[in-house]
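A look at the structure
Each chain is listed here by its residues.
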Amino acid sequence: MLRAGALVALGGAAVPLTGCDPFDRDDEPPPPDALEPLAAEALALEARHRAAAATAPTLAARLTPIADAHRAHADELRRVIGRPAPSGTTPTGPTGPASGTPAGAPDALLAELRRAEQRGHANAAKAGATAPADRAALLGSIAAARATHVEALA
């Protein structure tokens, strides 16, 4: 980017010098997108559902479609943002099993997942209410899906 740097006197007139600003870096990453937290949350929710399914295999048929939906939401959010998923993101995600829930306690796992989905629904609904029109439909769809997840976990 060119910026005015100094004034030089040429023929009695002051003329600004322009040049490259030494602090203007083209290799700096763009600022975070407002959808980044929702994409990260979708990956975290996916990881929680997969971890719960691994902890209580009797819930796998119920939780796997929900985990798959969260992965699809994260992928679509990343597409809209225009950035790939962060490196190191796996289908089981970075969060691991739900903490404090005893293995083999399906009711406790479901209750914890319901609470996480309720928080996720609130976050998506809030983001959708303030989003530009080109993003509001996607966020509304994600909020609706998370609301159905709450019901599916009841």
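A brief look at the structure comes next.

Criteria and thresholds
- Residues numbered from 1 in each chain as written.
- Predicted model: local features only at pLDDT ≥ 70, side-chain atom pairs only at ≥ 80, totals over all residues.
- Heavy atoms only, no water.
- Helix = DSSP H or I, 4+ residues; strand = E, 2+ residues; numbered from the N terminus.
- Contact = heavy atoms within 4.5 Å.
- Axes fitted to C-alpha atoms, helices over the stretch in contact; angles between N-to-C directions.
- Parallel < 35°, antiparallel > 145°, perpendicular 65-115°, else oblique.
- Left-handed = near helix turned anticlockwise from the far one by under 90°.
- Nonpolar A, V, L, I, M, F, W, Y, C, P; charged D, E, K, R; others polar.
- Expected span 1.5 Å × (residues − 1).
- Buried < 20%, exposed > 50% of the residue type's maximum accessible area, 1.4 Å probe, protein only.
- Salt bridge = Lys/Arg side-chain N within 4 Å of Asp/Glu carboxyl O.

A few words now on the side chain of His73. By the element assignment, His73 lies in helix 2 (residues 60-81). Other than its neighbours up to four places away in sequence, His73 contacts Ala42, Ile142 and Ala145.

It is the contact of helix 3 (residues 106-130) with helix 4 (residues 133-152), at a shortest axis distance of 8 Å, that shows an interaxial angle of 160°. The orientation of helix 3 relative to helix 4 falls into the category roughly antiparallel. For helix 3 against helix 4, the interelement crossing comes out left-handed. Residues Arg114, Glu117, Gln118, Gly120, His121, Ala124, Ala125, Ala127 and Gly128 of helix 3 pack against Ala136, Leu139, Ile142, Ala143, Arg146, Ala147, His149 and Val150 of helix 4. The residue makeup of the contact of helix 3 with helix 4, split by class, is nine nonpolar, five polar and three charged.

To continue, consider helix 1 (residues 36-55). Taking 1.5 Å as the rise per residue, helix 1 with 20 residues should run 28 Å; its terminal C-alpha atoms sit 29 Å apart, in good agreement. Counting buried residues in helix 1 gives 14 out of 20 residues, a clear majority hidden from the surface.

What follows deals with the pattern of salt bridges. The full count for this structure, using the stated rule, is nine salt bridges. Close ionic contact of Arg135 with Asp33 constitutes a salt bridge, the shortest N to O distance being 2.7 Å. In this pair, Arg135 sits in helix 4 while Asp33 sits in the loop between strand 2 (13-20) and helix 1, placing the two residues 102 residues apart along the sequence. Here Glu36 and Arg78 are joined by a salt bridge, their closest N and O atoms 2.8 Å apart. Taken together, the residues span a long stretch of sequence, with Glu36 in helix 1 and Arg78 in helix 2 at a distance of 42 residues. On the basis of relative accessibility, which here comes to 15%, the residue Glu36 falls in the buried class. Given the relative accessible area of 10%, Arg78 is considered buried. Taken together, the salt bridges that share partners define one network made up of Glu46, Arg50, Asp68 and Arg71.

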